[in-house]
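# Summary of the model geometry
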Amino acid sequence: MDLERYPFSEAVKKNFLLNEREFRQRKTVLESYPIKIYVEPTQKCQLNCITCDFSRRSEKDDMSLEMFGRIERDLFSHVAEVNFYFVGEPALAKDIRKMISVSEKYTFLPKIFINANHLPDDLAELFVRLGFFVNVSFDASTKEAFERIRRESNFESILANIRKLQAAQARIGSPRFHLRLACTIGQYNIEEAPRIVRLAASMGLRDVMFGAYDSGAELEPGRSLGLDIERTVRCFKEAKAIADREKIRFSCPAQFGAMLIMPNNNWRDFPLPIDRFAPFELEGANPFKGDCGYPWIEMGVRSNGQIVSCCQRVHEMGSYARESFHDVWNNARYRELRRQKSFYQCLGRECAMAVYSIWSGGTKRPAPRKAAKAPAEKGRRGGRRSGL
């Protein structure tokens, strides 16, 4: 992969290429560092969303600056992407401004997910000035539908805060700042998909990502996209057609039950300024069809120091409260994780990310049979989307 077009440091480029080679060789002991990491400032959130697994938000204390500093020293000079979130609302962390401001010293792409209910003016300005890739969690196009899903949210405030970010960008003109609507979709809101794209177009937003509803390895009955495959495919095809027409970047899961939908994104059809800073490869390597790159490319640290193997937060690999990155990255548990041949079962547990679009729950997982063609122009290229 040609990394020369991206403004990463030489250390990051070297690590990126080494990590890519070690993943391709399926090495179990790595010389490379991960290329993307998650750092969770807090697990606190002011909302009560129907999609949230509250067991994942058990820690009341924010990550300490001391622990954050050790993570920074261990990893920030080597990684290509730092995600300043996991579970919870990072904007509520008391030290969020200090944490995100360190990104000025490094060349990685800084990312964050926010629910945009709480966004002080100075924090919005800081996101833009630092050139953050900001994902706004956004699951419906109307006040009634949105607040039914994201309980205790305020739809008008969220729209106002999105406009606040847009206004800050208009003033500052950060070349790297990027704004995306990130939508969690299940049967409860699949009809919202095309409506959300229309709303994005009306607001001048140029990127919408749809991720499948996932409550961990066990799907809650009635919410999985796989329960009504024809409806799911119809809604996503309509949403993508609108996105193509409006020149909005679009992505959705690639598989629904036994059906594939390809291409499931139009990333390369509509170049955006963020492309100068974010290789598409950072969005890939997900466990589609049972394969997975996450044990090589990712690491996550929860607010209490728990080190987890990937964005699904299933496997604890160690703890920054007791250990450092170097103590954990090639330990026995990581070596066991990387030795697996298939990732439908990951260290004995079913991987929600590998199955949540494929399996409707309570039935045998079907094998893919055919592709459902999304509207596409000649020469369009597809790709794979991560779950984050």
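The following refers to the structure shown. Small disclaimer: the values here were computed from a predicted structure and weren't measured.

### Brief notes about the nonpolar core
Ranked by internal contacts, the top residues of the largest apolar core, which has 111 residues, are F76 and F210. Counting residues in each nonpolar core, the second largest holds six residues, with F133, L272, I274 and A278 among its members.

### What to know about the packing of aromatic side chains
For the structure on display, the rule yields 24 aromatic pairs. Ring geometry for Y6 and F8: centres 6.0 Å apart, planes at 35°, overall tilted. For the pair shown, Y6 and F8 are each scored as buried. Between F76 and F84 the ring centres are 6.4 Å apart and the planes differ by 80°, which places this aromatic pair in the edge-to-face class. Neither residue differs from the other here; F76 and F84 are each classed as buried. Lying across the ring of Y188, R223 places its NZ or CZ 5.9 Å from the centre.

### Some thoughts on the state of the cysteines
Using the criterion set out here, one finds zero disulfides in the structure. For C52, which is in no disulfide, the shortest distance to another cysteine sulfur is to C49 and amounts to 6.5 Å.

### Details of the packing of helix 7 (residues 192-202) against helix 8 (residues 229-246)
For the pair helix 7 and helix 8, the least separation of the axes is 7 Å and the interaxial angle reads 15°. Classified by the interaxial angle, the pair formed by helix 7 and helix 8 is roughly parallel. As helix 7 packs across helix 8, the resulting crossing turns out to be right-handed. Two secondary-structure elements touch here, helix 7 through A193, P194, V197, R198 and A201 and helix 8 through C235, F236, E238, A239, I242, A243 and E246. Of the residues belonging to the contact of helix 7 with helix 8, the class tally is nine nonpolar, no polar and three charged.

### What to know about the pairing of strand 1 (residues 36-39)
On strand 1, burial covers both faces: K36 and Y38 on one face and I37 and V39 on the other are all buried. Taken together, the four bridges between strand 1 and strand 10 (residues 298-301) define a ladder with parallel strand orientation. Of the residues in strand 10, the one forming a bridge with K36 is E298.

### Some words on the side chain of S137
One can find S137 in strand 4 (residues 133-137). Look at S137 and you get buried, because its relative accessible area is 12%. Setting aside its immediate chain neighbours within four residues, S137 contacts F113, I114, N115, F146, R150 and A182.

### Here's the deal with the sheet that holds strand 5 (residues 178-185)
Pairing is mixed in the open sheet, where 10 strands are placed in the order 7-6-5-4-3-2-1-10-11-12. Across the chains shown, the open sheet's two edge strands, defined by having one partner strand only, are strand 7 (249-251) and strand 12 (316-319). Averaged over neighbouring strand pairs, the angle between their axes works out to 20° when direction is ignored. Two strands pair when backbone bridges link them, and strand 1 and strand 2 (residues 81-83) are joined in this way by three bridges, in the parallel orientation.

### A word on the pattern of salt bridges
Following the criterion strictly, the structure yields 22 salt bridges and no others. With a shortest N-O distance of 3.1 Å, R150 and D139 are connected by a salt bridge. One end of the pair, R150, is in the loop between helix 5 (143-149) and helix 6 (155-172); the other, D139, is in the loop between strand 4 and helix 5, and 11 residues separate them in sequence. The burial state of R150 is the same as that of D139; both residues are buried. Note that D244 is salt-bridged to K240, the shortest N-O span being 2.9 Å. One end of the pair, D244, and the other, K240, are both in helix 8, four residues apart, so they sit about a helical turn from each other.

Scoring rules and cut-offs
- Residues numbered from 1 in each chain as written.
- Predicted model: local features only at pLDDT ≥ 70, side-chain atom pairs only at ≥ 80, totals over all residues.
- Heavy atoms only, no water.
- Core = buried A, V, L, I, M, F, W, Y, C linked by side-chain atoms within 4.5 Å.
- Buried < 20%, exposed > 50% of the residue type's maximum accessible area, 1.4 Å probe, protein only.
- Phe/Tyr/Trp six-rings, centres within 6.5 Å; stacked < 30°, edge-to-face > 60°.
- Lys NZ or Arg CZ within 6 Å of the ring centre and 35° of its normal.
- Disulfide = S-S within 2.5 Å.
- Axes fitted to C-alpha atoms, helices over the stretch in contact; angles between N-to-C directions.
- Helix = DSSP H or I, 4+ residues; strand = E, 2+ residues; numbered from the N terminus.
- Parallel < 35°, antiparallel > 145°, perpendicular 65-115°, else oblique.
- Left-handed = near helix turned anticlockwise from the far one by under 90°.
- Contact = heavy atoms within 4.5 Å.
- Nonpolar A, V, L, I, M, F, W, Y, C, P; charged D, E, K, R; others polar.
- Pairing = 2+ DSSP bridges.
- Salt bridge = Lys/Arg side-chain N within 4 Å of Asp/Glu carboxyl O.

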